[in-house]
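As a plain string of letters, each chain reads:
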Amino acid sequence: MARVLIVGAGLTGSLCAALLRREASSPLRLTVWDKAGDSGGRMTTASSPHNPQSTVDLGAQYITCTPHYAKIHQSFYDELLADGILKPLTSPIDGMVIKEGDCNFVAPHGVSSIVNHYLKQSGADICFRQRVTQINLRNNKWEVSRETGSSEQFDIIVLTMPAPQILQLRGDIANLISECQRQQLESVSYSSRYALGLFYEAGTKIDVPWAGRYITSNPCIRFISIDNKKRNIESSEIGPSLVIHTTVPFGVTHLEHSIEDVQELIFQQLENILPGLPQPVATKCQKWRHSQVTNAAANSLGQMTLHLQPFLVCGGDGFTQSNFDGCITSALCVLEALKNHI
């Protein structure tokens, strides 16, 4: 049974795992490693330490589907809607640009529920806090080393982490990347920002007419969402939760600052926008060094094959575009590249 390692438990990685399970002509042993403590990647949902039912989406907020992708990715949307993982966004988002024909969706259980849906379908062995450091060739297999734990061998590797993290890998992989591929990977660029999740006690009232709001006049804050309201979840037992996304210039300027200092600066600006907010019972501040792809790898056709025997391929939004459909496109391209090897 071929052993397949997928590095990255975000949307592309989880979808690759589910598609491989679905499409493989022979049995595969699928393993997913992620350096974080939970699944989701940039579609992560954080829970309050006081009440796990109180959650905030720290990454993607909602999914916009254009008429073009509604047609070519219809089966993916139909499945997620039928299973209640997505539902139409009906709450008011102030300042949202709506183009004709577009549909917007939210995940009632948080955006990470989409990733978890695909991971569950895949039946993969999932290990968190596994940071891959080296990839070497050993007897026509890949030997993968990690920060903690012993190295393991695999027949096929799918890398779905951001391009700069692929370039940081040591071992034989560094010499297997051609000069042209290296230039393509180096050309992928990302915006950076912070997200701050705030959790409040049950019964707390946040009296605003919107569920989300784009802010255009603040140097620090770009978007605010009352996350439970965004998902149409009102409960007397669960307190409201807020998420604040910073502007990219603020994120870039404060990228190497301490989380505590950044959180304090966001709170100061939030007071100007929503004065008199009560004290949250818990907070979660997330640094997104690689937030959204601003420049994807040119001519990469949704994936980049680094080695054929044994097979090693890269996927993710760095090879397409930084949204839900970009990740689906990349996962399908990875599957196509792998078809003759599974």
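Predicted model, so just to flag it, every value in this text is computed and none were measured.

Along the chain, the regular secondary structure elements total eleven helices and 22 strands. A globule of 342 residues ought to have a C-alpha radius of gyration of about 20 Å, and the chain, at 20 Å, matches this closely. Dimensions of the chain, computed from the C-alpha atoms along their principal axes, are close to 65 × 45 × 35 Å. The contacts in the chain between residues at least 6 apart in sequence include a share of 72% that link residues at least 24 apart. Here the chain displays about 15400 Å² of accessible surface, and carbon together with sulfur accounts for 48% of that area. Within the chain, the 31 negative side-chain charges are centred at a point lying 3 Å from the centre of the 28 positive side-chain charges.

Moving on to the UniProt feature "signal peptide" (unreviewed entry) in the chain. With numbering aligned to this structure, UniProt lists the feature "signal peptide" (unreviewed entry) at residues 1-17. Taken end to end, residues 1-17 is 41% helix and 35% strand, and its two terminal C-alpha atoms sit 16 Å from one another.

As a further point, take the packing of aromatic side chains. Using the criterion set out here, one finds four aromatic pairs in the structure. Taking 4.7 Å as the distance between ring centres and 55 degrees as the angle between the ring planes, the aromatic pair formed by Tyr214 and Phe223 counts as tilted. Following the ring pairs from residue to residue traces out a cluster consisting of Tyr77, Phe105 and Phe324.

Now for the UniProt feature "domain: Amine oxidase" (unreviewed entry) in the chain. According to UniProt, the positions carrying the feature "domain: Amine oxidase" (unreviewed entry) are residues 105-304. Taken end to end, residues 105-304 has its terminal C-alpha atoms 30 Å apart, with 27% of it in helix and 31% in strand.

The subject of this paragraph is the sheet that holds strand E5 (residues 63-65). Judged by pairing direction, the sheet is antiparallel, and its three strands sit side by side in the order E5-E8-E6 without closing on themselves. In this open sheet, the two strands that pair with only one neighbour each are E5 and strand E6 (87-88). For E5 and strand E8 (residues 103-106), the ladder comprises three bridges, and the chain directions are antiparallel. Among the inter-strand pairings, Thr64 is bridged to a residue of E8, identified as Asn104.

This part takes up the pattern of salt bridges. This structure, assessed with the given rule, holds 15 salt bridges. Across the salt bridge formed by Asp57 and Lys230, the nearest N and O atoms sit 3.0 Å from each other. Residue Asp57 is located in strand E4 (residues 55-57), and its partner Lys230 is located in helix H8 (residues 227-230); the two are separated by 173 residues in the primary sequence. Given the relative accessible area of 1%, Lys230 is considered buried. With a shortest N-O distance of 3.5 Å, Arg138 and Glu143 are connected by a salt bridge. A residue is classified by how much of its surface remains accessible, and Arg138, at 36% relative accessible area, is partly exposed. Three or more residues are tied together by salt bridges with common partners; here these are Asp57, Asp227, Lys230 and Arg231.

Cut-offs used in this document
- Residues numbered from 1 in each chain as written.
- Predicted model: local features only at pLDDT ≥ 70, side-chain atom pairs only at ≥ 80, totals over all residues.
- Heavy atoms only, no water.
- Helix = DSSP H or I, 4+ residues; strand = E, 2+ residues; numbered from the N terminus.
- Rg over C-alpha atoms; globule rule 2.2 N^0.38 Å.
- Contact = heavy atoms within 4.5 Å.
- Areas by Shrake-Rupley, 256 points an atom, 1.4 Å probe, with all protein chains shown as cover.
- Lys, Arg positive; Asp, Glu negative; His and termini not counted.
- Charge placed at Lys NZ, Arg CZ, Asp CG, Glu CD.
- UniProt positions renumbered as here; feature names shortened; annotations may be inferred.
- Phe/Tyr/Trp six-rings, centres within 6.5 Å; stacked < 30°, edge-to-face > 60°.
- Pairing = 2+ DSSP bridges.
- Salt bridge = Lys/Arg side-chain N within 4 Å of Asp/Glu carboxyl O.
- Buried < 20%, exposed > 50% of the residue type's maximum accessible area, 1.4 Å probe, protein only.

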